[in-house]
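What follows is the residue order along each chain.
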Amino acid sequence: MQNVIEIRNMTKHYPVGTGKFTALEDINLQFGKGEFAGLVGPSGSGKTTLLNIVGTLDNQSEGEVAVLGNDIRILSSRQAADMRSEHIGFIFQTYNLLPHYTVFENVEFPLILLKYPAKKRSDLVMEVLEMVGLTDKVKSKPAKLSGGQCQRVAIARAMVKKPAILLADEPTANLDVDNSHNILQLMVKMNKEMNTSFIFSTHDEKVIRYLRRKINLLDGKVASDTEQLNNDA
Amino acid sequence: MMLKLALKNFFGAGLRTWLNILVLSIAFVAIIWLQGIFVSFSSRAFDAMIAEEIGGGYIQHKEYDPYDPTSLEETFAPLCEILLDIQNREKATAMLIYPAIAYPAGRMHNVTLRGIKPEQTILELPTEKMAADLGVVPVMIGSRMSRSTSLSEGDRFMIRWRDRRGALDAKEFEVAAVMSLENQSVDSGQIWMPLSDLQKMLQTDNAATIMVLSTEFDGQSVMGRIADDWILKTQYDLTEDLRSLIAMADIEYYVFYIIFLLLALISIFDTQILALFRRRKEMGTLMSLGMTRHQLIGLFTFEGGLYALFALLLGAVYGTPILIWTARNGFPLPEGMDMDSFGIPGITDTIYPDYRFSSIFSTIILSVIIVVIVSYLPARRIARLKPTDALRGKWS
Ligand SMILES: Nc1ncnc2c1ncn2[C@@H]1O[C@H](COP(=O)(O)OP(=O)(O)OP(=O)(O)O)[C@@H](O)[C@H]1O
Ligand SMILES: [Mg+2]
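By convention here, each chain's residues receive numbers from 1 onward along its written sequence. Numbering of ligands from 1 and lettering of chains from A proceed in the order in which they are written. Where totals are concerned, whole chains, interfaces and linings use all residues; where local detail is concerned, this predicted model gives features only for residues with pLDDT of at least 70, and gives and counts side-chain atom pairs only at 80 or more. Hydrogens and water molecules were not included; the side-chain quantities draw on all heavy atoms of the structure.

Engineer: Describe the side chain of B:T285, and please don't skip the residues or the numbers.
Structural biologist: Mapped onto the elements of the fold, B:T285 is located in helix α9 (residues 280-288). Two N or O atoms count as a polar contact when they lie within 3.5 Å, although within protein this holds only if one can serve as hydrogen donor and the other as acceptor, and sequence-adjacent residues are included solely when both atoms are side-chain atoms. Polar side-chain contacts of B:T285 include one of 3.1 Å to the side chain of A:N96. Whether two residues touch is decided by their heavy atoms; if any such pair falls within 4.5 Å, the residues are in contact. Residue contacts for B:T285: discarding those within four places in its chain leaves A:N96, A:R157 and B:L391. Secondary structure elements follow DSSP: runs of H or I of four or more residues count as helices, runs of E of two or more count as strands, with numbering from the N terminus.

In structure tokens form, the structure reads like this:
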């Protein structure tokens, strides 16, 4: 089976003053279809940087990164946008919902970018809102929702297009224990049903327990990469 | 899609949006109002000049120079048969212009005497009032002249002038009428009197300085057949100074225009710039969802353009009745505001703004284009925004 993501000898520098800071160094990783993996490590270890590169929001400095068979370095900004629109879902620590849109409109938005017809959009939106249990909130604005509900809207928005890859950067950092488990169970369920590859960035023990693959990052390097048995899923 | 998102963002911003729209709409209405006044100023200035001073142009003595009063003693000549004939056919009226000194209430004023036939119909002046038999010479003055000399209807005063031999002569005049004139150059320092009386004072028959032509008469048709003492000055020649004055006022008008528009634009520009800083995370999110930079720039420009659109709608709602009312009823000039000091003749007490569809239309189009540009300029910066920086809420 082909990997959805292949990273070979990848390094990322950030310019700092006159010199440069190495945020990621010589990364070699592959992610297959339907994975449920997490990048785990202390603050500053390079988790977000790696997710951004994989998500075509940023470019590596050296080495190769292929996403769904595309070398991301040669993608134009337009092609990268299309790639994100079609195949990649993002979930952020701070939810990042569109404040003036209702729950329904927030979830519908990626489908509008994909130019789906209205009927198909509304069917898909209702289907995914059903999964995250928010059918009673379709007309609410984000300001009226709790943090857990917001994150469920964000998951619905990321998953409504059934992407190949879902990238979640510390999705539970702003949530309490109950909501965190809730969200994680939801994602485990979606991962199984849609065959989307999930990649987390986290240092939350609660999240780590759900992971089937745990990649430890330390100072921009892969310290360990282990399969683990998942009790909760 | 873009439209819906832009509208939602636009109205989601709340009070601030409405304040901006209000300011912009006030600027729009003020600009159109100002333009109406300006158009009215300039067209009335021309109308007044033609009606009260120049008619359809002059056939004038070739040495005549209105800016050199002392030369006026030499710049008249007898009218030939041809010129008398066009006067008889009411295609022109003769005017004799001569310098003098007036002594109203014992004070001395340099004045210009303008002799004209009381029965003339070429200039829109109440010259028939000088046909009155008062025992002394009946004259007319404008209201400005009346103020500066304290002369009013029925007042008598002495005039002295230098006759052809250079000796000073004197005569008594009576003010038969005070005219309300729009054009100050036929008012300040001017005394209108019957042509025949002035000719008698100068001991000439049929002499004149100028033939004021009717607007329907083509002066060129007689030019080959009269003595070369006379030259033709067309309406166009005579309005040259006024046209350059109005061109100057035009510049002043554009200065106001720019100030008004700038005030409005600053508020939009400010909102757009602020948005670029406050809404970075939103932009990053939209990029992560697959929106291209071009779409984002379009979105933000469009949101700015909505200000123009809604300001126009709002301005139309309250501006239309205001503009129509001022056009119909005019509005009085503030007390003590003298339009002569602006150098534009033609305005006395009440201004009726003159709104032309074409100028309203071009003003609106121009303003909307400027608003869109002002929205676009800050939005262009999005092109340099990296998605990762946007998500982190910072600019590179
Ligand atoms: N745009 C940037 N310019 C310079 N340095 C950066 C930039 N972005 C990240 N870094 C640096 O790169 C390193 C890795 O950052 P990254 O955000 O990937 O860490 P992280 O593992 O996600 O940390 P956290 O758990 O705090 O989110 C950090 O030391 C950070 O300071
Ligand atoms: Mg991070």
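Read on, since the account is not over.
Engineer: Could you give an account of the nonpolar core, with specific residues and numbers?
Structural biologist: In this structure, A:F109, B:W192, B:L296, B:F300 and B:I382 are the most contacted members of the largest nonpolar core, which totals 67 residues. Domain start and stop positions are those given by an automatic or database domain assignment. Shared between two domains, this core takes at least three residues from each, and those domains are domain 1 (2-49 + 242-391) and domain 2 (63-227) of chain B. The criterion is simple. A nonpolar core is a set of buried Ala, Val, Leu, Ile, Met, Phe, Trp, Tyr and Cys residues joined through side-chain atoms within 4.5 Å. A 1.4 Å probe rolled over the protein chains alone gives each residue an accessible area, and that area as a share of the maximum for its type sets the label: buried under 20%, exposed over 50%, partly exposed in between. Counting residues in each nonpolar core, the second largest holds 42 residues, with A:C150, A:A154, A:A168 and A:F200 among its members.

Engineer: Mind laying out the site of ligand 1, listing which residues take part and the relevant values?
Structural biologist: Surrounding ligand 1, one finds 14 residues, the nearest of these being A:S43, A:G44, A:K47, A:T48 and A:T49. Chain contributions to the surroundings of ligand 1 come from chains A and B. Contact between ligand 1 and A:S43: an oxygen atom at 2.5 Å from a side-chain N or O atom of the residue. Here an oxygen atom of ligand 1 sits 2.7 Å away from a polar atom, N or O, in the side chain of A:T48. Throughout, the term near means that a residue has one or more heavy atoms lying within 4 Å of the molecule or strand in question.

Engineer: Explain the pairing of strand β6 (residues 156-162) of chain B residue by residue, including any values.
Structural biologist: Residues and elements named next belong to chain B. Residue alternation in β6 divides its side chains into a buried set, F157, I159 and W161, and an unburied set, R156, M158, R160 and R162. When DSSP locates at least two bridges between a pair of strands, those strands are taken to pair. Two elements, β6 and strand β7 (residues 168-179), share seven bridges in a ladder whose sense is antiparallel. Opposite R156, over in β7, you have E174 as the bridge partner. Remark: five residues form the turn of the hairpin made by β6 and β7, two consecutive strands paired antiparallel; G166 in that turn has positive phi of roughly 95°.

Engineer: Quick rundown of the sheet that holds strand β7 (residues 165-169) of chain A? Include the residues and the values.
Structural biologist: All names here are of chain A. Read across the sheet, six strands follow the order β6-β7-β8-β3-β9-β10 without closing on themselves; strand pairing throughout is mixed. With partners counted over all chains shown, the strands left at the sheet margins are β6 (88-91) and β10 (221-227), one partner each. Here the average twist between neighbouring strands, direction ignored, is 15°. As judged from the six bridges shared by strand β9 (residues 213-218) and β10, these two strands associate in the antiparallel manner. Each residue of the ladder has a partner; that of R213, found in β10, is E227. Simply put, an axis is a line fit to the C-alpha atoms, just over the touching stretch for a helix, and the angle between two N-to-C directions goes from 0 to 180 degrees. Lying over the sheet, helix α2 (residues 77-87) contacts β6 and β7, oriented at roughly 80° with respect to β6.

Engineer: Describe the interface of chain B and chain A, with residues and values.
Structural biologist: Residue-level contacts link 23 residues of chain B with 23 residues of chain A. The junction of chain B with chain A conceals about 2,100 Å² of combined surface from both sides, 65% of it contributed by carbon and sulfur atoms. One side-chain nitrogen of Lys or Arg within 4 Å of one carboxyl oxygen of Asp or Glu is enough to make a salt bridge. Viewed at the interface, chain A and chain B are joined by two salt bridges. A salt bridge links B:K8 to A:E105; the nearest nitrogen and oxygen atoms lie 2.8 Å apart. Two parts placed together each lose some accessible area; with a 1.4 Å probe, that loss summed over both constitutes the buried area.

Engineer: Tell me about helix α3 (residues 81-88) of chain B, and name the residues and values.
Structural biologist: All names here are of chain B. All of the buried residues in α3 are L83, L84, I86 and Q87. Buried residues along α3 cover an arc of 160° about the axis, so they all sit on one side. Exposed residues on α3 whose side chains face more than 90 degrees from its buried face are E81 and N88. Where α3 is buried, its residues touch β1 (57-61), β3 (92-103), β10 (210-213), α6 (220-223) and β11 (230-234). The arc refers to the directions leading from the helix axis to the C-beta atoms.

Engineer: Hey, could you go over the sheet that holds strand β1 (residues 5-16) of chain A for me, with residue numbers and the actual values?
Structural biologist: Residue and element names in this part refer to chain A. Pairing is antiparallel in the open sheet, where four strands are placed in the order β2-β1-β4-β5. Among the strands making up the open sheet, the edge pair consists of β2 (19-31) and β5 (70-71). Against the sheet, helix α1 (residues 47-54) touches β1, β2 and β4 (62-67), its axis set at about 120° to β1.

Engineer: Pulling in residues and values, what's your account of the domain arrangement of chain B?
Structural biologist: As assigned here, chain B comprises domain 1 (2-49 + 242-391) and domain 2 (63-227). Using only C-alpha atoms to locate each centre, domain 1 of chain B and domain 2 of chain B end up separated by 51 Å.

Engineer: Would you mind going over the packing of helix α1 (residues 2-12) of chain B against helix α10 (residues 293-329) of chain B in detail, with residue names and values included?
Structural biologist: When two helices pack together, their arrangement is given by the angle between the helix axes and by the axis-to-axis distance. Residues and elements named next belong to chain B. Closest axis-to-axis distance for the α1/α10 pair is 9 Å, and the angle between their directions is 60°. In this view, α1 runs oblique relative to α10, as classed from their interaxial angle. As α1 runs across α10, the sense of the crossing is right-handed. Here M2, L3, L5, A6, L7, N9, F10 and F11 of α1 come into contact with α10, specifically with Q295, G298, L299, F302, E303, L306, Y307 and F310. Amino acid classes used here: Ala, Val, Leu, Ile, Met, Phe, Trp, Tyr, Cys and Pro are nonpolar; Asp, Glu, Lys and Arg are charged; the rest, including Gly, are polar. Of the residues belonging to the contact of α1 with α10, the class tally is twelve nonpolar, three polar and one charged. Any angle from 65 to 115 degrees is called roughly perpendicular, while one under 35 is roughly parallel, one over 145 is roughly antiparallel, and all others are oblique. Crossing handedness is read from the near helix: turned anticlockwise from the far helix by less than a right angle, it gives a left-handed crossing, and turned clockwise, a right-handed one.

Engineer: An account of the pattern of salt bridges is needed here, citing residue identities and associated values.
Structural biologist: Under the defined criterion, the tally for this structure stands at 24 salt bridges over all chains. Taking the shortest distance from any N to any O, the salt bridge between A:D204 and A:K206 comes out at 3.3 Å. Looking at A:D204, the relative accessible area reads 15%, which means it is buried. Put simply, B:K117 and B:E119 hold a salt bridge, and the shortest N to O gap is 3.9 Å. Residue class for B:E119 comes out exposed when judged on its relative accessible area of 55%.

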